[in-house]
Amino acid sequence: MPRYHRLGNIPRYRHTQFRKADGGLYAEQLFSTRGFSGPMSTMYHINLPTEVAGWEDLGDVSVKFLADEALRHRHLKTRLMEPRGDAVSGRKCLMGNNDVLWYQANIAEQMTNFYKNAEGDELLFMHTGSGTLETMFGDVPFTPGDYLVIPRGTIYRVQFDSLPAKMLAIESHGPIEIPKRYRNDFGQLEEHAPYNERDIRPPSELRTHDEKGEFHVVVKARKRMTKYTYRFHPFDIVGWDGYCFPWAFSINDFAPITGKLHMPPPIHQTFDGHNFVVCSFCPRMLDFHPQAVPVPYNHSNVDSDEILYYCNDKFGSRKGIEEGSITVHPLGIPHGPQPGAVEASLGATRTEELPLMLTQEALEIEDPNYWKSWQTG
Ligand SMILES: [Fe+2]
């Protein structure tokens, strides 16, 4: 998606005979995520990707949102989530709408099945834990602080070096992309962008599995899970090329833009989705005007909700948050620094910040008194 990439062996021309050592043909597959005009890759399988041994309906997984929710600020404490499940089954959906779903996971187990989300791009944020995102396109190693961008339809499995591990998973019904204003007409990242092609890590190694047996791929589509069974390993690709593949980007490689006066949240934008954006608030020098107020002014995002996930407990304008906190500041009412935070920030030169509709599971980890945290008396 960010650029052309290829791994393994592919034939000189597309749609031509490409033969195995035994004389048989490799099975070509065009992998396209937006009809035939979005980012595409062409891959070559040892087996027919269409050959299915069986399938089983695992049932409805649609999210049940809270009805009739009052409009107020919320504070969720993911620290209260006990480790459970794997990198897919362990996800709890905390909030969302028709454009985007926010899942949180404290992962206890390794994945045994493979997984394919066929109805959304996924953006995983690995808060803790290192390991390998194993995909049909090859392996993407990750460490804490990595974002993993996984195009819809990618078959993958997350393998952690050790568990438990904390992860945030954003599922987007539209594509997750690099913001357009960071790219020139050729798709290259501009000089003013807060990251560069060198920071983008595509699959580094293609491990082709020519293995027979029984393999399960759980497919999410139509708001339900279906378990597909294959008689061959799903990572049987000998080569691929194109613009569609998973990739990693570390929040530690985000180069924050700072200014003489306070810079607004769009400066921190990292990814673009349909009707939402993802920003990274990273350690940075603060505003350098001698009388600058280096925490945000009160603001009303009248048309948008603002959700913050805190990777540590160092956030300049907010008290009472902890590592793993999520604050939800909904549309329609203003928010800003809590009382005392503005005065406390004066003269500071540096910050260590990193960083819809709710579900019933979100209420289980809520701090119910958060809305009072702006009270002065
Ligand atoms: Fe805000």
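The present account deals with the structure reproduced in this document. (Residues numbered from 1 in each chain as written. Predicted model: local features only at pLDDT ≥ 70, side-chain atom pairs only at ≥ 80, totals over all residues. Heavy atoms only, no water.)

Let's talk about the overall build of the protein
In step 1: In terms of helices and strands, the protein carries two helices and 25 strands.
In step 2: In terms of overall dimensions, the protein is globule-like: its C-alpha atoms have a radius of gyration of 22 Å, near the 21 Å expected for 377 residues.
In step 3: For the C-alpha atoms alone, the extent of the protein along its principal axes is close to 80 × 45 × 35 Å.
In step 4: Surface exposure of the protein reaches about 18,100 Å², of which carbon and sulfur atoms provide 51%.
In step 5: Of the charged side chains in the protein, 39 are positive and 48 negative; the average position of the first set lies 1 Å away from that of the second. (Helix = DSSP H or I, 4+ residues; strand = E, 2+ residues; numbered from the N terminus. Rg over C-alpha atoms; globule rule 2.2 N^0.38 Å. Areas by Shrake-Rupley, 256 points an atom, 1.4 Å probe, with all protein chains shown as cover. Lys, Arg positive; Asp, Glu negative; His and termini not counted. Charge placed at Lys NZ, Arg CZ, Asp CG, Glu CD.)

Overview of the side chain of Ser325
In step 1: Along the chain, Ser325 falls in strand S23 (residues 325–329).
In step 2: At 2.8 Å, the side chain of Ser325 and the side chain of His75 are in polar contact.
In step 3: Among residues more than four places away in sequence, those in contact with Ser325 are His75, Leu76, Leu308, Tyr309 and Tyr310. (Polar contact = N/O pair within 3.5 Å; in protein donor to acceptor, adjacent residues only side chain to side chain. Contact = heavy atoms within 4.5 Å.)

With respect to unusual backbone geometry
In step 1: Leu163 connects to Pro164 through a cis peptide bond whose omega is 5 degrees.
In step 2: Its location among the elements puts Pro164 in the loop between strand S13 (155–160) and strand S14 (165–172).
In step 3: The phi dihedral of His15 falls on the positive side, at around 60 degrees, and the residue is not glycine.
In step 4: Secondary-structure assignment places His15 in the loop between strand S1 (5–8) and strand S2 (27–32).

A short note on the pattern of salt bridges
In step 1: This model, assessed by the stated rule, comprises 17 salt bridges.
In step 2: Two residues, Arg72 and Glu366, come together in a salt bridge whose shortest N-O distance is 3.2 Å.
In step 3: On the accessibility criterion, Glu366 (15% relative accessible area) is buried.
In step 4: Three or more residues are tied together by salt bridges with common partners; here these are Glu69, Arg72, Arg74 and Glu366. (Salt bridge = Lys/Arg side-chain N within 4 Å of Asp/Glu carboxyl O. Buried < 20%, exposed > 50% of the residue type's maximum accessible area, 1.4 Å probe, protein only.)

So, the coordination of the iron ion
In step 1: Looking at the iron ion, the protein donor atoms are His299 (NE2), Glu306 (OE), Glu306 (OE) and His335 (NE2), and they sit 1.9 to 2.5 Å from it.
In step 2: Seen from the iron ion, its four donor atoms lie at angles of 58 to 163 degrees, and the figure they make is irregular.
In step 3: Each donor residue of the iron ion lies on one chain, and together they are spaced H-x6-E-x28-H. (Donors = N, O, S within 2.8 Å, 3.2 Å for Na, K, Ca; no water. Tetrahedral: all angles 85-135°; square planar, octahedral: opposite > 155°, others 65-115°.)

Let's talk about the environment of Lys227
In step 1: With respect to the helices and strands, the residue Lys227 is situated in strand S16 (residues 224–232).
In step 2: Those residues in contact with Lys227 that lie beyond four places of it in its chain are Gly54, Trp55, Glu56, Leu58, Asn113, His216, Val217 and Val218.

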